[in-house]
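Observations on the three-dimensional arrangement
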Amino acid sequence: GNSVTQMEGPVTLSEEAFLTINCTYTATGYPSLFWYVQYPGEGLQLLLKATKADDKGSNKGFEATYRKETTSFHLEKGSVQVSDSAVYFCALRGHYGNNRLAFGKGNQVVVIP
Amino acid sequence: DTEVTQTPKHLVMGMTNKKSLKCEQHMGHRAMYWYKQKAKKPPELMFVYSYEKLSINESVPSRFSPECPNSSLLNLHLHALQPEDSALYLCASSRDRADEKLFFGSGTQLSVL
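Quick summary incoming for the structure in this document. (Residues numbered from 1 in each chain as written. Chains lettered and ligands numbered in written order. Predicted model: local features only at pLDDT ≥ 70, side-chain atom pairs only at ≥ 80, totals over all residues. Heavy atoms only, no water.)

Before going further, it helps to examine the side chain of S72 of chain A. Residues and elements named next belong to chain A. As for its placement among the helices and strands, S72 is situated in the loop between β8 (62–65) and β9 (75–77). Its relative accessible area of 4% is what places S72 among the buried residues. Residues contacting S72, with those up to four places away along its chain left out, are C23, T24, Y25, L33, T65, Y66 and R67. (Helix = DSSP H or I, 4+ residues; strand = E, 2+ residues; numbered from the N terminus. Buried < 20%, exposed > 50% of the residue type's maximum accessible area, 1.4 Å probe, protein only. Contact = heavy atoms within 4.5 Å.)

Structural data, given as structure tokens:
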């Protein structure tokens, strides 16, 4: 079935540092890939998405590229701010049969001033 | 209006109580979802409604009873819950089941004593 794997553990970094959160997936066919962000005490917000191989999703300085050859969708931001502190979920959705949204376990990101 | 509104934000209930969670959207979306999220875990799909009809029930115990009285409202009726049902309950909506962009509410934090 479809599944998403995110790197283990929280991520703590200083303001203006470079952020990378790894995400790999297993799916049949050509799923759509997403990053959702959850700020403290809130629901999930769609951060960015990509629907086909080599697509790059981008929003608020965050980027992720759909890499079919490595089945990856790593999230990057060049210079993080304290306000980027949140939990980030990678997710995928298939297009045939089971088109439920499958989430990774999430990564807590803490940005220190 | 691009909001999904959930009430109440917090709820404490005993194992013999009956309560309801409410979700409302005015975006004209015809698919609505209930998710359950335990602390530090990704959301888990519970129910999906499509055009006011239940289309997915992820084997959820009958003590959770969803209801979609019209295209803007989604309820989750709770009865005889267990302490392990304590979680954040998230509502989401999308234009229809095929639309990949989900809008999430901020959730109801439920504690069962």
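With that settled, the discussion passes to the pattern of salt bridges. Under the counting rule described, the total for this entry stands at 7 salt bridges over all chains. Between K52 of chain A and D55 of chain A there is a salt bridge, with its nearest N and O atoms 3.3 Å apart. Judged by its relative accessible area of 21%, D55 of chain A is partly exposed. The residue R30 of chain B makes a salt bridge to E52 of chain B at a minimum N-O spacing of 2.8 Å. With R30 of chain B in the loop between β3 (18–25) and β4 (31–37) and E52 of chain B in the loop between β5 (44–50) and β6 (53–57), this residue pair connects regions lying 22 residues apart in the sequence. Taking relative accessible area as the criterion, R30 of chain B reaches 27% and is therefore assigned partly exposed. (Salt bridge = Lys/Arg side-chain N within 4 Å of Asp/Glu carboxyl O.)

This model, assessed by the stated rule, comprises 10 aromatic pairs over all chains. A ring pair is formed by Y25 of chain A and Y66 of chain A, whose centres lie 6.0 Å apart and whose planes are at 80 degrees; its orientation type is edge-to-face. Separated by 41 residues along the polypeptide, Y25 of chain A in strand β4 (residues 23–26) and Y66 of chain A in the loop between β8 and β9 bring together distant segments of the chain. Taking relative accessible area as the criterion, Y25 of chain A reaches 6% and is therefore assigned buried. The exposure class of Y66 of chain A is buried, given its relative accessible area of 0%. Ring centres 5.5 Å apart and planes at 50 degrees place the aromatic pair Y35 of chain B and F104 of chain B in the tilted group. One end of the pair, Y35 of chain B, is in strand β4; the other, F104 of chain B, is in strand β10 (residues 103–104), with 69 residues separating them in the sequence. Per residue, the accessibility class of Y35 of chain B equals that of F104 of chain B, and both read buried. (Phe/Tyr/Trp six-rings, centres within 6.5 Å; stacked < 30°, edge-to-face > 60°.)

On to the state of the cysteines. Taken as a whole and assessed by the stated rule, the structure comprises 2 disulfides over all chains. What pairs with C23 of chain A in a disulfide is C90 of chain A, and their sulfur atoms sit 1.9 Å apart. The S-S bond linking C23 of chain A to C90 of chain A shows a torsion near -65 degrees; that makes this disulfide left-handed. Of the two residues, C23 of chain A sits in strand β4 while C90 of chain A sits in strand β10 (residues 86–93), which places them 67 residues apart along the sequence. With respect to class, C23 of chain A is no different from C90 of chain A; both count as buried. Looking at the unpaired C68 of chain B, the closest cysteine sulfur is the one in C23 of chain B, lying at 9.2 Å. (Disulfide = S-S within 2.5 Å.)

Taken together, the contacts link 20 residues of chain B with 20 residues of chain A. Carbon and sulfur atoms supply 51% of the area buried between chain B and chain A, which totals about 1500 Å² over both sides. For the chain B face of the interface with chain A, the top three residues by lost area are P42, E100 and F104 of chain B, together amounting to 39%. Inspection of the region where chain B meets chain A yields 2 salt bridges. Among the ionic pairs, E58 of chain B bridges to R100 of chain A, the shortest N-O distance being 2.2 Å. In this structure, the connection of chain B to chain A is made through 5 residue pairs in polar contact (both at pLDDT 80 or more). (Buried area = accessible area lost by both parts, 1.4 Å probe. Polar contact = N/O pair within 3.5 Å; in protein donor to acceptor, adjacent residues only side chain to side chain.)

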